[in-house]
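Structure assessment
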Amino acid sequence: MLTLPPRVRALGTRVDALTLREATEIVVSWVVEPSNTCRYVVTPNLDHAVLLAERVDFREAYDGAALVLADGTPLLWAARLNGAKLPQRVAGSDLGPAVLADLPAGTPVFLLGGAEEASRLAAAQITARWPQVKVCGRSSPAPGFEQDAEVCREICRQIRESGAKLLIVGLGAPKQELWVHRHRAELPGMTVLCLGATIDFIAGTKRRAPPWMQATGLEWLHRAGSEPRRLAARYMRDAVKLPGLLWRDRVERARG
């Protein structure tokens, strides 16, 4: 398995300096040779960085992550300003399909999140595109489920009893990271990908930006245009917060 390089400071968090290929190899190796603990992957973008500066519980969830991968282009810019380098943007919506493509035959995968129709379509798409993968279960819990301890216990039981080795969680941030961190002890040996809208992207119920927008750091603009009511205000807030995050990085770098 690839040895992890030192993490790089970017927008107030520490990020693993890996390419998509390297991250995929690591995740697949965890699935093939699971440990006794739950290992989960988070993919920060600018919005995550803003939340990390404001919420202790979110920082604790990030501290417990086995891999922290730069989903947002601003993290690559911030790392460069800190005198370091992240080799590539590793979007969660790229990581999920890359891992599914490389899993060995018969690997059981569980989907948590997305609306019921999106979850059903995603399961069908996974079976069609990556036939060596077995979707062994899925759950689309109702909004607010994370506040119900009994419901959460039941979901964890379903995941364990399904025999899943890989859990793909699409609950959105910060809910998915907080939920996985809180319930990691109930998911022993599980490899977990916290991937936001990836279930919807695989299902085809949401569309990613064109490749040229992804490559130029403009995917956020496509998302905002696709869901203006939900995302426009958030992106404006994040843009206002960005200079403060960069200044904080500079201060921390000066302190050593």
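Keep in mind that what you see is a predicted model, and the values were worked out from it rather than measured. (Residues numbered from 1 in each chain as written. Predicted model: local features only at pLDDT ≥ 70, side-chain atom pairs only at ≥ 80, totals over all residues. Heavy atoms only, no water.)

1. Considering the packing of helix 2 (residues 46-54) against helix 3 (residues 56-63)
- Relative to each other, helix 2 and helix 3 sit at 115 degrees, their axes nearing to 6 Å. Accordingly, the angle class assigned to the pair helix 2 and helix 3 is roughly perpendicular. Regarding helix 2 and helix 3, the two cross each other, and that crossing is left-handed. Residues His48, Leu51, Leu52, Ala53 and Glu54 of helix 2 touch helix 3, and the partners they reach there are Val56, Phe58, Arg59 and Tyr62.
- Considering only residue class, the contact of helix 2 with helix 3 consists of six nonpolar, one polar and two charged. (Axes fitted to C-alpha atoms, helices over the stretch in contact; angles between N-to-C directions. Helix = DSSP H or I, 4+ residues; strand = E, 2+ residues; numbered from the N terminus. Parallel < 35°, antiparallel > 145°, perpendicular 65-115°, else oblique. Left-handed = near helix turned anticlockwise from the far one by under 90°. Contact = heavy atoms within 4.5 Å. Nonpolar A, V, L, I, M, F, W, Y, C, P; charged D, E, K, R; others polar.)

2. A look at the pattern of salt bridges
- Enumeration over the complete set of coordinates arrives at 16 salt bridges.
- Residue aspartate 102 is joined to arginine 21 by a salt bridge in which the shortest nitrogen-to-oxygen separation is 2.1 Å. With a gap of 81 residues between them, aspartate 102 in helix 5 (residues 92-102) and arginine 21 in helix 1 (residues 20-32) connect regions that are remote in the sequence.
- Classification of arginine 21 by relative accessible area gives partly exposed; the value is 42%.
- When salt bridges that share partners are traced, they join Arg9, Arg248 and Glu252 into one network. (Salt bridge = Lys/Arg side-chain N within 4 Å of Asp/Glu carboxyl O. Buried < 20%, exposed > 50% of the residue type's maximum accessible area, 1.4 Å probe, protein only.)

By themselves, these observations are geometric and do not establish any function.
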